[in-house]
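Fold and geometry: a report
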Amino acid sequence: MVPGPPATLAGGLLPTGIHVATWEELLTFTGTSRYRLTLIAGLRSAAFELKRCGCPTLYVDGSFVTDEPFPGDYDGCWELAGTDLAMLDPVLQDFSNRRAAQKAKYGGELFPASNLADTAGHTFLDFFQIDKHTGAPKGIIALELARLAR
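Residues numbered from 1 in each chain as written. Predicted model: local features only at pLDDT ≥ 70, side-chain atom pairs only at ≥ 80, totals over all residues. Heavy atoms only, no water.

**Topic: the nonpolar core**
- Counting 29 residues, the largest nonpolar core has Leu43, Leu50, Leu58, Phe64, Leu110 and Leu145 as its most contacted members.
- For this core, the elements supplying multiple residues, two or more each, are α1 (23–30), α2 (34–52), β3 (57–61), β4 (74–78) and β6 (139–144).
- Ranked by residues supplied to this core, first place goes to α2 with seven residues.
- When neighbours within four sequence positions are excluded, Leu145 is seen to be in contact with Ala47, Leu50, Lys51, Cys55, Pro56, Thr57 and Leu58.
- Judged by nonpolar contacts, the second largest core, of eleven residues, contains Ile18, Val20, Phe128 and Ile140. (Core = buried A, V, L, I, M, F, W, Y, C linked by side-chain atoms within 4.5 Å. Buried < 20%, exposed > 50% of the residue type's maximum accessible area, 1.4 Å probe, protein only. Helix = DSSP H or I, 4+ residues; strand = E, 2+ residues; numbered from the N terminus. Contact = heavy atoms within 4.5 Å.)

The following block contains the structure:
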């Protein structure tokens, strides 16, 4: 893992690797407009819900962590290990209807990191580190939720 998000993007994408960031670093990196701040509010709510249930790490991906000015939402995945699924908001466990409930409540889509993402056998953690247009490796951001403060 690489500490902190990079200051610049390579071709609009994060450089290869998992970039560990604090919430403040993520906010500085992605909160570049009022529109993006709306998405960040939903992500923050989801992050606190995952933290409350013992989840150690949330990974953030999608056009949200690129230089796209108006990403449709954010995508991400979270570590199952240590997460009490019985306590977790059922909305974060609802993957039906193209994750409509997640998008409505939290503004994005989050998956368990170890679940399979495609027929090639990639987990979501691996899948999110592949550029969907080129197949080349790309970076994502990791938030260590124990460090997340109100």
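Now that the structure has been shown, the text picks up again.
**Describing the pattern of salt bridges**
- One pass over the full model with this rule turns up six salt bridges.
- Note that Arg52 and Glu49 form a salt bridge whose closest N and O atoms lie 2.8 Å from each other. In this pair, Arg52 and Glu49 are both assigned in helix α2, three residues apart and thus about one turn of the helix distant.
- Classification of Arg52 by relative accessible area gives partly exposed; the value is 45%.
- Relative accessible area serves as the criterion here: at 12%, Glu49 is assigned to the buried category. (Salt bridge = Lys/Arg side-chain N within 4 Å of Asp/Glu carboxyl O.)

**Points about the confidence of the model for the chain**
- With 96% of its residues at a pLDDT of at least 70, the chain reaches an overall mean of 91.
- At the level of individual helices and strands, the chain shows its lowest average pLDDT in strand β1 (residues 2–3), which scores 73, and its highest in helix α4 (residues 124–127), which scores 98. (pLDDT = per-residue confidence, 0-100.)

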